[in-house]
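# Survey of secondary and tertiary structure
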Amino acid sequence: MQVTRLRNVRIVDGIHASSKPTDLYIVDQTLARNVPAETKINHDYDLQDHVVMAGGIDIHTHIGGGKVNLARLLWPDRKARSSDEKPWLGPLSAPVPSTWETGQRYLQMGYTTCFEPAMLAANARQSHIEMRDTPWLDTGGYVVLGNDRMLLNMIAQRSGQDAINDYVAWMVASSAAMAIKVVNAGGIDAFKYNQRQLNVDEAHPELPVTPRDILWSLATAAEELGLAHPLHVHCSNLGTPGNIVSTLATLDAIEGRRIHLTHAQYHCYGNQGPHGFSSEASKLADRVNSSSHLSIDVGQVLFGQTITLSADTMHQFANRKLASPRKQIFQDLECQAGCGLLPFRYQEGQYVHGLQWAIGLELFLRIQDPTRVFLTTDHPNGGPFTGYPHLIRLLMDYDFRMSIFDRLHPDVQKTSSLPSLKREYRLDEIAAMTRLGPARALGLQSRGNLNPGSLADVVVYRNDTNAETMFSSPVMVFRKGRMVLKEGVFLEDCNKTVLVSDFQARQEALEWGNRPANAQRWQKQYGYSPWLTAIDPEEFADEGLSVEHAHWHD
């Protein structure tokens, strides 16, 4: 038995921040607050004036899969103009860095668990392989549904919810997924028929299906199957002025079922103001505050050069002329989803970009429960994940926030309500939104907290009045009880874990692909056997990976 004692630390677990120094013990791979007096202490660290948190959890970051690799090919290195250089961009060699650099940079901020939010079933094995090659991070993925032709046909033909549940269970189980992700429900498929917009109650141009039908069917499947994470939704009309209407309609469509809205900053726009573009963050924040079944991640915009990548071909095509520099990729993927990639540069002096920056911060500051609003930039779409320490400082320091706000377009300064929001996040609230909240939303009971018996993913930060400095450079990071980073020096790698959703029908779900009628329909639709891309769980063990199952808890 290996025992490490962290003495005189201030424990911040997302529920509260301890006011007095205390001791925390790491016993092999788990945590304890006390050990018997006779216990041998193998490693002992006096950490006066240090803060201890659980390992960070990024609920939505593009780190593996087809789009990510295309982004690396589209822009393999970053030659930014001097005006684009930002402290949080400098460390990255490219807008979408290599797997090695991704794992390294996440660990250097104290993050230990990350989720790829757009894993195509046809590409799931490659996505998992790529995430396996991302060192130090435990990973999982969300399988993209809602534009796959088999599902659309089932809904159009009124096959019934039981049949849809069976199909969804197969897709989740065969791709070793953590959750269901829906991107612009029906809109990616409709784009193939020259449709340029699809509202929540607008019929698909070819099939008698609306986005409302798709959202309801998938949210119901997630509930009835007992998936740990609720339906993870990229709404219709992303980035469009006035899209708050379709965002609220999306929430209505699932009729009180659990739902998570992703990169919500892009979904709460009005069409008022001097440029026909305004903030409706207060409406979405009010809905979150009054709905216990709803959580969001923000997708904060950070100024500087990045690259946008999305399965939402419709939206990316609409923005193609805004690409900077002018290069782009659009692709149809296996009749299951789409893909669009555009380089993009967010500028402080540009009205829309400045308002997007302010809208994201509004959401953070208006939503009362930090366990239901999560810190993301939708990496790399709103900006790189390496901007998280900078973003944390924006939330914790009103004066710093206003120092940047004062540089924005004059019309943003005239119309935004951000100056009136003087809330400053506390350390326990930062821990809640980056650790405890995401763990709860994902059904990961042993992560995101420092309770006795929890996994010993532990981060030690030196207390600092400058939150950006503090969260940029942890003093120590422990992974599963072993120190892997100390004062910026990497000591060793760690055993990696694949995180998947456990649900009652998982074993039965894999039988779906063996049924002749299902295999025949799949073969006819996609041109190959359903088992060609399906993942056998034993593959992870063969690769030296462990598997952790997430469970839905009411």
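What follows covers the pairing of strand 23 (residues 497-501). Burial analysis of strand 23 places 5 of its 5 residues in the buried class, which makes it a mostly covered element. Sheet analysis places strand 23 next to strand 24 (residues 546-550), joined by 5 bridges and oriented parallel. Bridge pairing in strand 24 places Val498 opposite Val547.

What follows is about empty space enclosed by the protein. Here the structure, examined in full by the defined rule, presents 7 cavities of 30 Å³ or more. The volume enclosed by the largest cavity comes to roughly 60 Å³. In this structure, the largest cavity is lined by Arg125, His128, Ile129, Arg132, Ile535, Glu539, Phe540, Glu543 and Leu545. Counting only elements with at least two residues in the lining of the largest cavity, the list comes to helix 3 (124-132) and helix 19 (538-542). It is helix 3 that provides the largest number of residues to the lining of the largest cavity, a total of 4 residues. Within the lining of the largest cavity, the residues separate by chemical class into 4 nonpolar, 1 polar and 4 charged.

Strands pair in a sheet through their backbones, by hydrogen bonds, and they do so in one of two ways: parallel or antiparallel. An order of 15-17-16 is seen for the 3 strands of this open sheet, with the pairing classed as antiparallel. Across the chains shown, the open sheet's two edge strands, defined by having one partner strand only, are strand 15 (304-310) and strand 16 (329-333). Looking at each pair of strands side by side, their axes are set apart by 15° on average, direction ignored. In this sheet, strand 17 (residues 337-346) lies alongside strand 15 in antiparallel orientation, the contact comprising 7 bridges. Among the inter-strand pairings, Gly304 is bridged to a residue of strand 17, identified as Tyr346.

With that settled, the discussion passes to the domain arrangement of the protein chain. Partitioning the protein chain into structural domains gives domain 1 (3-54 + 446-490) and domain 2 (56-309 + 350-442). Using only C-alpha atoms to locate each centre, domain 1 and domain 2 end up separated by 30 Å. Contacts between the two partners involve 30 residues from domain 1, matched on the other side by 28 residues from domain 2. Taking both sides of the interface into account, the surface hidden between domain 1 and domain 2 amounts to around 2,300 Å²; carbon and sulfur atoms contribute 63%. When the buried area of domain 1 at its contact with domain 2 is split by residue, Glu468, Phe471 and Phe490 rank highest and sum to 27% of it. For the pair domain 1 and domain 2, the interface holds 3 salt bridges.

Our next topic: the packing of aromatic side chains. In the structure shown here, the tally under the stated rule is 20 aromatic pairs. Considering the side-chain rings of Phe317 and Phe330, the 5.8 Å spacing of their centres and the 65° angle between planes classify their relative orientation as edge-to-face. In this pair, Phe317 is assigned in helix 10 (residues 313-318) and Phe330 in strand 16, connecting sequence segments 13 residues apart. The class of Phe330 is partly exposed, set by a relative accessible area of 30%. Centroid distance Tyr461 to Phe471: 4.8 Å. Interplanar angle 55°. Geometry classified as tilted. Here Tyr461 is found in strand 19 (residues 458-462), whereas its partner Phe471 is found in helix 16 (residues 467-472), with 10 residues between them in sequence. For the pair formed by Tyr461 and Phe471, the shared burial category is buried. An aromatic cluster is defined as three or more aromatic residues linked by ring pairs; in this entry it consists of Tyr167, Trp170, Trp512, Trp522, Tyr526, Tyr528 and Trp531. One residue, Arg320, lies across the ring of Phe317, its end atom 3.9 Å from the ring centre. In this structure, Arg393 packs its charged tip against the face of Phe400, placed 3.8 Å from the ring centre.

Within strand 19, 4 of the 5 residues are buried, which leaves it mostly tucked inside the rest of the structure. Alignment of strand 5 (residues 50-54) against strand 19, held across 5 bridges, turns out to be antiparallel. When the bridges of strand 19 are listed, Ala54 appears paired with Val458.

In terms of nonpolar packing, the biggest core is built from 144 residues, with Tyr167, Val168, Ile296, Trp357 and Phe364 touching the most fellow members. Shared between two domains, this core holds at least three residues of each, these being domain 1 (3-54 + 446-490) and domain 2 (56-309 + 350-442). Filtering out sequence-adjacent residues up to four positions away, Ile296 remains in contact with His260, Leu261, Ala264, Val288, Leu363, Ile367, Arg372, Val373 and Phe374. In this structure, Leu6, Tyr45, Ala54 and Val475 belong to the second largest nonpolar core, which totals 18 residues.

The rules we used
- Residues numbered from 1 in each chain as written.
- Predicted model: local features only at pLDDT ≥ 70, side-chain atom pairs only at ≥ 80, totals over all residues.
- Heavy atoms only, no water.
- Buried < 20%, exposed > 50% of the residue type's maximum accessible area, 1.4 Å probe, protein only.
- Helix = DSSP H or I, 4+ residues; strand = E, 2+ residues; numbered from the N terminus.
- Pairing = 2+ DSSP bridges.
- 1 Å grid on protein atoms, 1.4 Å probe; cavity = no way out; pocket = protein on both sides within 12 Å on 5 of 7 lines; lining within 4 Å.
- Points joined across faces, edges and corners; volume = space filled by probe spheres on them.
- Nonpolar A, V, L, I, M, F, W, Y, C, P; charged D, E, K, R; others polar.
- Axes fitted to C-alpha atoms, helices over the stretch in contact; angles between N-to-C directions.
- Domains from an automatic or database assignment.
- Contact = heavy atoms within 4.5 Å.
- Buried area = accessible area lost by both parts, 1.4 Å probe.
- Salt bridge = Lys/Arg side-chain N within 4 Å of Asp/Glu carboxyl O.
- Phe/Tyr/Trp six-rings, centres within 6.5 Å; stacked < 30°, edge-to-face > 60°.
- Lys NZ or Arg CZ within 6 Å of the ring centre and 35° of its normal.
- Core = buried A, V, L, I, M, F, W, Y, C linked by side-chain atoms within 4.5 Å.

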